[in-house]
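Next come the chains, spelled out residue by residue.
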Amino acid sequence: MSKESVIHVHHARTKQLAASDFNHEEWNHAPPVTISRYWSGKDAPPTRHAEARLVWHEGGLCVRFVCRQHEPLVVSARPQTTQKVIGLWDRDVCEMFVAPRGGEPEAYFEFEAAPTGEWLDLAIHLTPGGRETNWEYSSGMSAHARVNVDEVMIGCCAVAGFQTPTTPARRALAREFLSLRRRGADRGYLAWQPTLTAQPDFHVPQVFGWLEFR
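Rules and cut-offs
- Here the residue numbers are simple positions, counted from 1 along each chain's written sequence.
- Local features in a predicted model are, by the rule used here, given only for residues with pLDDT of at least 70; side-chain atom pairs are given and counted only at 80 or more, and totals for whole chains, interfaces and linings are based on all residues.
- Side-chain metrics rest on all non-hydrogen atoms present in the structure, leaving aside hydrogens and water.
- Salt bridges, as used here, are contacts in which a Lys or Arg side-chain nitrogen is within 4 Å of a carboxyl oxygen on Asp or Glu.
- Where helices and strands are cited, they refer to DSSP runs of H or I of at least four residues and of E of at least two residues respectively, numbered from the N terminus.
- For every residue, the accessible area obtained with a 1.4 Å probe (protein chains only) is divided by the maximum for its type, and the residue is called buried under 20%, exposed over 50%, and partly exposed between those limits.
- The aromatic pairing rule takes the rings of Phe, Tyr and Trp, using the six-membered ring of Trp, and pairs them if the centres are within 6.5 Å, calling planes under 30 degrees apart stacked, those over 60 edge-to-face and the rest tilted.
- Residues adjacent in sequence count toward polar contacts only when both atoms are side-chain atoms; beyond that, a polar contact is any pair of N or O atoms within 3.5 Å, and within protein one must be able to donate a hydrogen and the other to accept it.
- Between two residues, a contact is recorded if the distance between any of their heavy atoms is within 4.5 Å.

Q: Outline the pattern of salt bridges, supporting the account with residue identities and numerical values.
A: Two side chains with opposite charge may pair up if their charged atoms get near one another. As enumerated under the stated definition, the model contains six salt bridges in all. We note a salt bridge from Arg-187 to Asp-92, for which the minimum N-O separation is 3.8 Å. Taken together, the residues Arg-187 in the loop between β12 (175–182) and β13 (190–191) and Asp-92 in the loop between β5 (60–68) and β6 (94–99) connect sequence positions 95 residues apart. Taking relative accessible area as the criterion, Arg-187 reaches 23% and is therefore assigned partly exposed. A salt bridge links Glu-104 to Arg-101; its shortest N-O distance comes to 3.3 Å. With a relative accessible area of 44%, Arg-101 lands in the partly exposed category.

As C-alpha cells, then:
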C-alpha cells in the first residue's frame, strides 16, 4: 500500500465541528490531500487543483474541500438545501465515497456537496447484476459552502451510516476506502485516486484508497 493511497484522518477533540466551521483550528491538524489529476490519470492544470482535509470525532466524519475556481460554476439557479438533491452529480460537485467494511468495498456510501450548499447521500451496493442504490438512505449529512472570486470552499459532515473509531486501538487500525472528485465547468472530473476507465466513472471500488483514523 503506497503512501499516496492513504489519507490520515485527524481525530478532533471537539464534538461540535460543523460543516460551516471552515476556519476551525482542528482543520490545521488534518494533513492536506491534494487532488490534482483527472479520472484518466492525466495531470490537471494548477488552476484546477483542489484540496481535502478530513477530521473525525464522536459525532461523525467531516471533510473540507478547497477548490480553485477560475471558470463559471455549473450550479442550480434555485438551490434546494433542506433535503437531498437527486441528480446533483450533473453539476459542479465534490464527492466522497466511503466503504465502511474494508473487506467489502463493493458496499459503500456516496456523499456529495455543491457550491450552493446542496447535498446528497446514497447507499450503494455493486453486484454482478449491476448497481443497487438506496435512494432513501439518510446519514444525517449536512453541507455548507463559501464561494470567493477564485476559490470554492465546501464542508460536509456525515454523522450516521458508518462507525468511526471509538478506542485508541482501533484508531490506529481502522482503514476505510475513499474516493474524491470534483467536476469543472467543462466536466474535467478530478479524482484523488484516478479510476483509469475509458469514460469518466467513479464507481470503481477496486481503486479506492484507504482512510486511516488517528
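From this point, the discussion proceeds with the structure in view.
Q: Please provide a residue-by-residue account of the packing of aromatic side chains, values included.
A: Enumeration according to the criterion identifies eleven aromatic pairs in this entry. Look at Trp-56 and Phe-213: their rings are 5.8 Å apart centre to centre, the planes differ by 90 degrees, and that puts the pair in the edge-to-face class. Taken together, the residues Trp-56 in strand β4 (residues 50–57) and Phe-213 in strand β14 (residues 209–213) connect sequence positions 157 residues apart. Per residue, the accessibility class of Trp-56 equals that of Phe-213, and both read buried. Summarising the aromatic geometry, the rings of Tyr-108 and Phe-208 are spaced 5.6 Å apart at their centres and angled 80 degrees between planes, so their arrangement reads as edge-to-face. Of this pair, Tyr-108 sits in strand β7 (residues 107–113) while Phe-208 sits in the loop between β13 and β14, placing them 100 residues apart in sequence. Ring pairs connect the aromatic residues Phe-97, Tyr-108, Phe-177, Phe-208 and Trp-210, which therefore count as one cluster.

Q: Mind laying out the side chain of His-10, listing which residues take part and the relevant values?
A: In this structure, His-10 sits in strand β1 (residues 6–11). Owing to a relative accessible area of 17%, His-10 belongs among the buried residues under this scheme. In this structure the side chain of His-10 is engaged in a polar contact, spanning 2.6 Å, whose partner is the side chain of Glu-26. In contact with His-10, not counting residues within four places along its chain, are Glu-26, His-29, Ala-30, Leu-54, Val-55, Trp-56 and Arg-214.

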